[in-house]
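A structural walkthrough
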Amino acid sequence: YRDKASLSARLNRFLTHAGLRESPGHSVYGLRHSFEQRLIDTGAERHILTELMGHSDGRPRYARPLPLAMLAPAIERISLQGAGC
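Residues numbered from 1 in each chain as written. Predicted model: local features only at pLDDT ≥ 70, side-chain atom pairs only at ≥ 80, totals over all residues. Heavy atoms only, no water.

**Side note on the layout of surface pockets**
A volume near 420 Å³ is recorded for the largest pocket. Forming the walls of the largest pocket are 15 residues, and the residues nearest its centre are His47, Thr50, Glu51, Asp57 and Arg61. Here the lining of the largest pocket is composed, by residue class, of four nonpolar, five polar and six charged. (1 Å grid on protein atoms, 1.4 Å probe; cavity = no way out; pocket = protein on both sides within 12 Å on 5 of 7 lines; lining within 4 Å. Points joined across faces, edges and corners; volume = space filled by probe spheres on them. Nonpolar A, V, L, I, M, F, W, Y, C, P; charged D, E, K, R; others polar.)

Structure below.
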């Protein structure tokens, strides 16, 4: 993810060629921020949100990455199954 613009462009091209973009206005950038907003809307704690988004909170990292067992409930809350669909 070093070259963010290049990665986004590549992913958007892939999605376009595979017919997976709903419209030209839908992009990987939008998907990431929709994911983040859905986590925020469910009340996900900041450290969970930071870990799932791959963001830095500006603090030195003293602990190991969070285990999947701690991250999964936040993802389940925003999943289609977790939403009662």
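**Concerning helix H3 (residues 46-53)**
Residues of H3 that are buried include every one of Ile48, Leu49, Thr50 and Met53, and no others. Buried residues along H3 sit against helix H2 (28-41) and helix H4 (68-78). Gly54, located one to two residues past H3, shows a positive phi value of around 75 degrees. (Buried < 20%, exposed > 50% of the residue type's maximum accessible area, 1.4 Å probe, protein only. Helix = DSSP H or I, 4+ residues; strand = E, 2+ residues; numbered from the N terminus. Contact = heavy atoms within 4.5 Å.)

**Brief notes about the packing of H2 against H3**
Interhelical geometry of H2 versus H3 gives an angle of 165 degrees and a closest axis separation of 10 Å. As the angle between them shows, H2 and H3 are arranged roughly antiparallel. Helix-helix and strand crossings are classified by hand; for H2 and H3 the assignment is right-handed. Contacts from Arg32, Phe35, Glu36, Leu39 and Ile40 in H2 reach Leu49, Leu52 and Met53 in H3. The residue makeup of the contact of H2 with H3, split by class, is six nonpolar, no polar and two charged. (Axes fitted to C-alpha atoms, helices over the stretch in contact; angles between N-to-C directions. Parallel < 35°, antiparallel > 145°, perpendicular 65-115°, else oblique. Left-handed = near helix turned anticlockwise from the far one by under 90°.)

**What about the nonpolar core?**
Buried together is how nonpolar side chains tend to be arranged in soluble globular proteins. Counting eight residues, the largest nonpolar core is built from Leu39, Ala44, Ile48, Leu49, Met53, Leu71, Ala74 and Ile78. The set of elements that each furnish at least two residues to this core consists of H3 and H4. Those residues in contact with Ala74 that sit more than four places away from it in its chain are Leu39, Ile48 and Leu52. (Core = buried A, V, L, I, M, F, W, Y, C linked by side-chain atoms within 4.5 Å.)

Purely geometric stuff here, so don't read any function into it on its own.
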